[in-house]
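Secondary and tertiary structure notes
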Amino acid sequence: MKTICSLWRTGLAGPDWLKLGFIPILLLLLAFVSQQVNIWHEAENWTEESRMALSKRPASGDIVFVAIDKQTLDEIGVWPWPRSVMAEAIDRLVESNALEIFIDVDFSTPSSPEQDAILAKSIRQANGTVSLAAFSQTSSVKSGTEDIADSVPLPIFLDSAWLATVNVFPDHDGIVRRFPFGNMIAGEPESSMPALLSGKSGLSGLDFAINFAIDPDTVPLYSFIDLLSNKLPESGLEQKTVVIGAHAVELRDTFAVPVYGSLPGAMLQIVAAETLKQNFEIVRILAIWPLLFCALLQFLVLLLWKSTHLLTRIGAVLAISILAEGIGFILFYTSSISLPTAALHAMNLALLLVLAVREFGLRNWLIVLADARTRNANNLLRQVFDDSSEAILIVDEAGAVLEASPKARIIFGQSAVQRENPENCIVMPEPILECVRQSLADLNQGVRASDTGGELILTSATDDKIIEFTVTPSRLTNTETRTQFLADGRSIACVTARDITTKRRQAERLDFLSKRDELTGAFRRHAFLDILNQKLARLTPAQSCQIMAINLNRFKTVNTTLGRDVGDQLLCAVVTRLAESEIGVECISRLGGDTFAVLLQETDPQLQLHVTSLQVANLLAQTYFLESGSIQIDVRISYARSESPTQAADALLNCAEMTLDEGTDVAGQSVRPYDPVSSAKHARARQIERELRPALENRDFQILYQPQVDVNGRHLVGMEALTRWSHPVLGAVSPDEFIAIAEASGMIEPLGDWILQAACCEAANWTEAIPVAVNVSPVQFLRGDIIASVTSALETSGLKPNHLQLEITESTILTCSDAVLQTMHDLRSLGVTLALDDFGTGYASLGYMTQFPFDQVKVDKSFIRNLTTDPTSQSIVQFTKTLSDVVGATMLCEGVETEEQLTFLKLIGCDQAQGFLFGTPLSAKIIRRMIAEIANSEHIEEYSRTA
Ligand code: C2E
Ligand code: CA
Ligand code: CA
């Protein structure tokens, strides 16, 4: 492309006339060659026809057309007529002194001899003034070869008439423009009718161009029927040349011609004849002359090119065409000379094009094309830019907004870009500008730029928008295109931004719902633990986290008596009161139904947390005025503080919650600190409670038996069943510990039933009839069905009822109800004996002793321990003996460890004793062996020693 441009510049731009002459000569050559290959033919015909139409002239009037028109056909009848009709016409014409008569009718075939004779006669009488039409035509021959058949009038007519050929030769487009001077008919050259009519015959073989400027309407025209009916003007035909021919459309003797569309054959002959007669045949000039003339003028125009104005030059070139066309018309009008101008006009047009290219510059044309392409690409980009749901902004290094998408205007709230209208510009928020500056600086320093971005909040009078943005820096490379905003080597940043307010609000809402309790809005446990963990992580070694666990007392009662709605309102009111309190609450959590946790803002470990907790308890104890009425409640609060920043949040919360649980047995308002010792105790109790049931199912319990002896004879009188639990982790767990927990948790009933069953089964297998004493918990006695349990155990084991003693503690009979009394009677009626265990430790009154049917009173070991030294113990034991005697029960003293103690017991008349002196609690296996052996021994003491 560059080579062409430089050739163009260096080869043609010089002032040298030689160089300038190159253009017209080149164009001349092109025009001439194109003229020779006939490509302007159509255009030339069109110009010629236009010139003819513009230079119309009248016919000479010497040639008259007698037309066989529709009216004639209507009156005379169907064609062909009897030849006498034509004979009559000839007669009339002769009478009218017509100069010559040309009949353009086919007389080549005979009709009737009479008719032919009549016509021949008339022709003869016309005395050599009649000419008849002859023509050669291509006959469609059956043999398939083309034959030229000449239609020549019958010899009978030709004897006294002339022959005139009427053949016409249309151009390729079917339009008749030329006419021959003559034709070969039957091997002889004959003059054409126009040649004869104009008197210019004798040029057979050549033809001439008909000048259709001669107006056919000016040719005198008469109807054939008027001729026959003598209606023609007196002198109308006098000395005129008359042509008789078809005019009616029905006769189909018409030809396509320029200017008028079509003409009847006879009229065409007349116009052609008039052309010759008036010397108007068209003379066509050689195309080279106008082209040379044009080339010369073009050369002149080019010589003056530099010194003239563009419009003048264009006008000059156009003037060449107008001048040529003017000359063409004048020549045609005056001399029927046809000047071919189409190639000339084409040549001028070509010059104009060449000069336009020259004037505007080829490079510029290429740029125009490139621009169009760029425009298309720009339009596409613009469409994408405008339709983007994201805000897109192009920002330059100075921070000016060069382009902004419609969405950008919505987000940033301005209507125009900075460059176009500085007063009403988009002012980019500073965080975005900062990001743009940074990324462009990175780009300019050669750091491979990647997308950067961030978030910002756009504050307006109505609302706040959260905007997320991305900045992509670019260096412009394609600097040749004339796009709107690009310039050489500049760096720009593309900022895309989107309004994520709704998305963020939704996420926040979801986050809120996942973290908050729906009813009160307080944090859920996991969210509270997260916050607590974060706070713990931020603590300095000198700080600590302070938390409280709060439980509403009797909240269940509020729910059941006042309804859940009131309960809900109360929970909300508690949270609100905590949140609005002045104790510095950082966060509140609803841990469960009516349990809350509070994290305090204060981090000073010296904080009087107990005092603060009391304040909170008092605050929450104040009356709540709810929609349904006023309510007052007590709360239990436990508090804990973190021991180290590494403490886990859940461990800390656990401390507070555990402490809260420990306080459940305390009625009314309570505030208690986390105490590691009591907590450990509680933890152990909870663990035991948890593991009781699986231990029972796994048969992890074992029953030991402790001998009971007769004080005087020291022989075996009974065995007390004492349960043991050896825990895999906690080791041996004392019944004092696990029985109490089993009682509290309700596990005592299944456990007690199992012990009863196991002890009865064991005793039933003993070889000697020794009664077994089984401890029965008050819970078992009061809540369970002890009668059914005992009956079942006796039945299953087959043990005699009088070999089973149930040991009941004082606390059982303290509840002193008729039901307890009845149960005791029922048991005794089964045959089972009852012992009052641990006598002296409780509050048993003498009244009970007489009222309840005990078979044995067991004096607690605490009275035996100091029996030999402590007179009070001695008095109590002595008194108990008297009492036992009164109610008819035997007395057994527990915990006898020394002979001294035994001696004293003998002294006061105690019946039975139990203690390490006679035997510790022993396994069933050892007991079995012992029983088998003592059957032979004197008394138990001996066995104890050996055991
Ligand atoms: P208890 O009914 O007063 O049982 C006697 C307790 O005194 C047993 O403790 C026994 O080992 C202990 N003992 C016996 N002789 C002596 C002695 O000479 N000196 C001393 N210092 N202690 C002696 P153990 O087995 O730890 O039982 C403690 C308590 O647990 C029992 O007191 C009883 O109330 C309860 N208990 C044990 N087994 C069962 C059971 O199967 N069912 C129920 N409901 N309670 C049971
Ligand atoms: Ca006992
Ligand atoms: Ca006891």
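In this text the structure is predicted, and so the values were computed from the model without any measurement. (Residues numbered from 1 in each chain as written. Chains lettered and ligands numbered in written order. Predicted model: local features only at pLDDT ≥ 70, side-chain atom pairs only at ≥ 80, totals over all residues. Heavy atoms only, no water.)

**As for the overall build of the chain**
Our working rule: Numbering of helices and strands starts at the N terminus; helices are DSSP runs of H or I of at least 4 residues and strands are runs of E of at least 2. The globule rule used for comparison is 2.2 Å times the number of residues to the exponent 0.38, while the radius of gyration itself is calculated over C-alpha atoms. For every residue, the accessible area obtained with a 1.4 Å probe (protein chains only) is divided by the maximum for its type, and the residue is called buried under 20%, exposed over 50%, and partly exposed between those limits. Any pair of residues with heavy atoms lying within 4.5 Å of one another is described as a contacting pair. Under the convention used here, a 1.4 Å probe and the Shrake-Rupley method define accessible areas, while residue burial counts only the protein chains that appear. A residue counts as positive if it is Lys or Arg and as negative if it is Asp or Glu; His and the chain ends are not included. Every charge is mapped to an atom, namely NZ of Lys, CZ of Arg, CG of Asp or CD of Glu.
Secondary structure assignment for the chain yields 35 helices and 37 strands. The C-alpha radius of gyration computed for the chain amounts to 71 Å, which surpasses the reference 30 Å derived for 947 residues by more than 25%, pointing to a less compact arrangement than a globule. Principal axes of the C-alpha set define a box for the chain whose edges measure 205 × 80 × 60 Å. When burial is assessed residue by residue, the chain has 46% of its 947 residues classed as buried. The long-range share in the chain, meaning contacts at least 24 apart out of those at least 6 apart in sequence, stands at 69%. Surface exposure of the chain reaches about 47,000 Å², of which carbon and sulfur atoms provide 55%. Across the chain, the centroid of the 75 positively charged side chains sits 5 Å from that of the 113 negatively charged ones.

**Looking at the coordination of the calcium ion (ligand 2)**
Keep this limit in mind: Donor atoms (N, O, S) are those found within 2.8 Å of the metal centre, with the cutoff raised to 3.2 Å for Na, K and Ca; water is not part of the atom list, so apparent gaps in a site can occur.
Taken together, Glu720 (OE), Asn775 (OD1), Glu807 (OE) and Asp837 (OD) make up the full set of protein donors to the calcium ion (ligand 2), lying 2.0 to 2.3 Å away. In primary-sequence terms, the residues that donate to the calcium ion (ligand 2) follow E-x54-N-x31-E-x29-D. Under the relative-accessibility criterion, Asn775 is labelled partly exposed at 29%. Take Glu807: its relative accessible area is 1%, and that puts it in the buried class.

**Side note on the sheet that holds strand β20 (residues 491–499)**
Applied cut-off: Strands are treated as partners if at least two bridges between them are detected by DSSP. Here an axis means a line fitted to C-alpha atoms, over the contact stretch when the element is a helix, while the angle between two N-to-C directions is reported on a 0 to 180 degree scale.
Sheet architecture is open: five strands sit in the order β17-β16-β20-β19-β18, paired in antiparallel fashion. Two strands lie at the open edges of the sheet, namely β17 (401–404) and β18 (452–459), each paired on one side alone. Strand after strand, the sheet turns through a mean of 25° between neighbouring axes, direction not considered. Of the pairings in the sheet, the one linking β18 to strand β19 (residues 464–475) comprises eight bridges and is antiparallel in character.

**Comments concerning the layout of surface pockets**
Which entries qualify depends on this criterion: Here a cavity means grid points, on a 1 Å grid over the protein atoms only, where a 1.4 Å probe fits yet cannot get out; a pocket means an open set of points with protein on both sides within 12 Å along at least five of seven lines; lining residues are those with an atom within 4 Å of a point. Grid points are joined across faces, edges and corners, and a volume is the space filled by probe spheres set on the points. Ten residues, namely Ala, Val, Leu, Ile, Met, Phe, Trp, Tyr, Cys and Pro, are considered nonpolar, four, namely Asp, Glu, Lys and Arg, are considered charged, and the remaining ones, Gly among them, are considered polar.
Taken as a whole, the largest pocket encloses approximately 1,100 Å³ of empty space. Residue lining of the largest pocket: 37 residues in total, with Glu720, Leu722, Asp736, Asn775 and Lys861 positioned closest to the centre. Every element with two or more residues in the lining of the largest pocket is listed here: β29 (716–727), α24 (735–745), α25 (748–764), β31 (772–776), α26 (778–782), β32 (804–809), β33 (833–839) and α31 (861–865). Classifying every residue of the lining of the largest pocket gives 12 nonpolar, 13 polar and 12 charged.

**Regarding the site of ligand 1**
Put simply, the rule reads: By convention in these notes, a residue is near a molecule or strand provided one of its non-hydrogen atoms lies within 4 Å of it. Polar contact criterion, stated in full: a pair of N or O atoms within 3.5 Å, where within protein one must be able to donate a hydrogen and the other to accept it, and residues adjacent in sequence count only if both atoms are side-chain atoms. Being in a pocket or cavity means that more than half of the molecule's atoms lie within 2 Å of its grid points.
Contacts to ligand 1 come from 20 residues, most closely from Gln706, Thr723, Arg724, Glu897 and Phe916. Asp838 places a side-chain nitrogen or oxygen 3.2 Å from an oxygen atom of ligand 1. Protein contact buries 85% of the 780 Å² of open area that ligand 1 shows by itself. The pocket occupied by ligand 1, as judged from atoms lying within 2 Å of grid points, is the largest pocket. At the level of elements, β29, α24 and β33 are the ones that each hand at least two residues to the shell around ligand 1. Sorting elements by how many residues they give to the shell around ligand 1 places β29 first, with four residues.

**Observations concerning a nonpolar patch on the surface**
Put simply, the rule reads: Two distance rules govern patches: like charges are joined within 9 Å, and nonpolar side chains (Val, Leu, Ile, Met, Phe, Trp, Tyr) within 5 Å, applied only to residues with over 30% relative accessible area and no salt bridge. For this document, the term salt bridge refers to a Lys or Arg side-chain nitrogen within 4 Å of an Asp or Glu carboxyl oxygen.
On the surface, Phe22, Leu26 and Leu30 cluster together to form a nonpolar patch covering roughly 300 Å² of accessible area. Within the secondary structure, Leu30 sits in helix α2 (residues 17–36).

**With respect to the pairing of strand β22 (residues 585–590)**
The buried fraction of β22 is high, at five of six residues. Pairing analysis gives five bridges linking β22 to strand β23 (residues 595–600), with the strands arranged antiparallel. Bridge pairing in β23 places Ile588 opposite Val598.

**Re the coordination of the calcium ion (ligand 3)**
Those donors, Asp837 (OD), Asp838 (OD), Glu894 (OE) and Glu894 (OE), are the protein atoms that reach the calcium ion (ligand 3), and they lie 2.2 to 2.4 Å from it. The motif formed by the donor residues of the calcium ion (ligand 3), counted along the single chain, is D-D-x55-E. Here the calcium ion (ligand 3) and the calcium ion (ligand 2) are spaced 3.7 Å apart, and both take Asp837 as a donor. One end of the pair, Asp838, is in strand β33; the other, Glu894, is in the loop between β35 (890–893) and α33 (899–908), with 56 residues separating them in the sequence. Accessibility expressed as a relative area gives 25% for Asp838, which makes it partly exposed.

Honestly, that's just the spatial picture; any functional story needs more than this.
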